[in-house]
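Chain and residue survey
Read off the chains here:
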Amino acid sequence: MALKLFGFSKHVILSFIKITILLILNFMINKADSGCNNSVITSIIPIQHCEILTSLQSQSFDGHLSLKNNEEAAKDFGNIHHFPPLAVLHPKTVSDISRTIKHVFEKGSDSEMKVAARGHGHSLQGQAQAHQGLVIKMESLKGPEMKIQTGEFPYVDVSGGELWINILHETLQYGLAPKSWTDYLHLTVGGTLSNAGISGQAFKHGPQINNIFQLEVVTGKGEVVTCSENQNANLFHGVLGGLGQFGVITRARISLEPAPKMVKWIRVLYSDFSKFTRDQENLISLKDTFDYIEGFVIINRTGLLNSWRLSFDPKDPLQASQFSSDGKTFYCLEMAKYFKPDEAEVMNQGVDDLLSKLSYIQPTLFLSEVSYVEFLDRVHVSEMKLRAKGLWDVHHPWLNLLIPRSEIHDFAKQVFGNILKDTSNGPILIYPVNQTRWNRKTSLVTPEEDVFYLVAFLTSAIPFSSGENSLEYILSQNRRILDFCTHAKLNVKQYLAHYTTQEEWQTHFGSKWGAFVERKRAYDPLALLAPGHRIFQKEGSTSI
């Protein structure tokens, strides 16, 4: 007999109860997120999202799903955008990730819930956030322990949520280490491989994505796929530098090489940009050269060489003490040569020979010898100092550009000569890399020339500032730089790119756009993954 209450059927009553429960869940999630200091106000949650979360809660996870106290997932290193998720998955196994994505995928296109993988939270523009979506905290992933293979082609198998600093310490126990690094090692493997992973070794070994033998990936369908150059190669190349659009990297096999123990660390200054770039380009063209080459732009820094004395010794202390950097623009060439203690004499002879061919300002030669670990983890030391002063968790409106060698002088003349006229509140990196060391099959896009430069404006905005160190001023300055590149028709590509329209992304990828779209349709047809990039917002669509 059908249940009747005040004239309503059982179906109507059950529907009313279901809606009431979902509204209560909606309220609870909004309440849980209300304490987060967000730039986006939490709006009413779609009923379909509540249904997905309700059903996800009934799933059996090795880890757990969190619906409250998720403020960290709405933050990143850029500290500019804050998009609160509805839930955060803390996976312990790959099956936790696969089951979750598959569950969302099977709900179909009507749900419109998005999923973002979050590593160490070092993105700049909210790329690892998912507004009213689900964030996967990759550092929680507890896969098999690191597996290190020695021999002719050594490698290490690691979780996608593992930090590079941990990989360094573990592989060094076997006398091995990865070939290519980022300047900052407290980042996850999956995070850097989804972009590129660039540092001063890239001219020699290419970026980190060039030194990967194999990946395990969870696609936007929830499928767990092993891929390499010879197995599921389309997915392998797509994921590397793919901005998280085709899958979540859950495991990586990273190429290793014999590790040195010590590093000869060198800095010199130039006042002539042409000599600076000529020497950089010559060094990266040599077979027997330094192991690490980077450069910096230094504008109006008082007592520059005195600050170097904290870590370096001047070759000529008297001349160095008489050198003045006030009110001038200099270009610093930073180099490193790796060695073992019993090779010190031969190493020093080689370094002297290389330095003798450079046109730097002689009194500015500073040298130091440090351990390999101390050199690679150098930025972490700066981080600790900034944290102690409360200056780490500030706005970081960084701008990273890849610029063809043929256009670097025009760029420098306008940007360093006119747009930037005073001290930058943060380092400005500038150094060349060899295109031949970069795998063109990956999703990463670079300028077409054989040699191109990375120019990175790593500025920090001072909290509550209203002047030249304010967030608004630095963002305006970044726009001026980009506008100049556009008007001068420079063939510049953004690294760690951020765009707001698909047309801009299509321009960014250029000839690779078609392949990028096809990979999205193949591996994430509902466009569930990595919504923070704003590349695809509708399933299977090439328009926003």
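Residues numbered from 1 in each chain as written. Predicted model: local features only at pLDDT ≥ 70, side-chain atom pairs only at ≥ 80, totals over all residues. Heavy atoms only, no water.

- Per an unreviewed UniProt entry, the recorded name for the protein is cytokinin dehydrogenase, and the organism is Pisum sativum.
- You can read under Cofactor (unreviewed entry) in the UniProt record for the protein the words "FAD".
- You can read under Catalytic activity (unreviewed entry) in the UniProt record for the protein the words "N(6)-dimethylallyladenine + A + H2O = 3-methyl-2-butenal + adenine + AH2". (UniProt positions renumbered as here; feature names shortened; annotations may be inferred.)

**Overview of unusual backbone geometry**
- The residue Asn-69 is not glycine, and still its phi comes out positive at about 55°.
- Within the secondary structure, Asn-69 is located in the loop between β1 (64-66) and β2 (87-90).
- Positive phi, normally seen in glycine, also occurs at Arg-534, with a value near 60°.
- Along the chain, Arg-534 falls in the segment after α17 (513-523). (Helix = DSSP H or I, 4+ residues; strand = E, 2+ residues; numbered from the N terminus.)

**With respect to the sheet that holds strand β18 (residues 451-457)**
- The sheet built from nine strands is open, its strands ordered β13-β15-β11-β14-β12-β17-β18-β16-β19 with antiparallel pairing. Looking at which strands have only one partner, the edges of the open sheet turn out to be β13 (313-314) and β19 (493-495).
- Pairing between strand β12 (residues 292-299) and strand β14 (residues 329-339): eight bridges, direction antiparallel. Following the sheet pairing, Ile-298 is matched in β14 by Phe-330. (Pairing = 2+ DSSP bridges.)

**Comments concerning the packing of aromatic side chains**
- What the rule picks out here adds up to 30 aromatic pairs.
- Relative to Phe-536, the ring of Phe-516 lies with its centre 6.1 Å away and its plane at 10°, an arrangement referred to as stacked. With Phe-516 in helix α17 and Phe-536 in the segment after α17, this pair connects stretches of sequence that are 20 residues apart. Here the two residues Phe-516 and Phe-536 agree in accessibility, since each one is buried.
- Three or more aromatic residues link up through ring pairs in this structure, and these residues are Phe-246, Tyr-499, Trp-505, Phe-509, Trp-513, Phe-516 and Phe-536.
- Note that Arg-378 overlies the ring of Phe-375, its terminal NZ or CZ placed 4.5 Å from the centroid. (Phe/Tyr/Trp six-rings, centres within 6.5 Å; stacked < 30°, edge-to-face > 60°. Buried < 20%, exposed > 50% of the residue type's maximum accessible area, 1.4 Å probe, protein only. Lys NZ or Arg CZ within 6 Å of the ring centre and 35° of its normal.)

**Considerations on the pattern of salt bridges**
- Applying the stated criterion to the full structure yields 15 salt bridges.
- Arg-253 is paired through a salt bridge with Asp-157; the nearest N and O atoms lie 2.9 Å apart. Residue Arg-253 is found in strand β10 (residues 247-258), and its partner Asp-157 is found in strand β6 (residues 155-159); the two are separated by 96 residues along the sequence.
- By relative accessible area, which is 8% here, Asp-157 ends up buried.
- Notably, a salt bridge pairs Arg-267 with Glu-334, separated by 2.9 Å at the nearest N-O pair. (Salt bridge = Lys/Arg side-chain N within 4 Å of Asp/Glu carboxyl O.)

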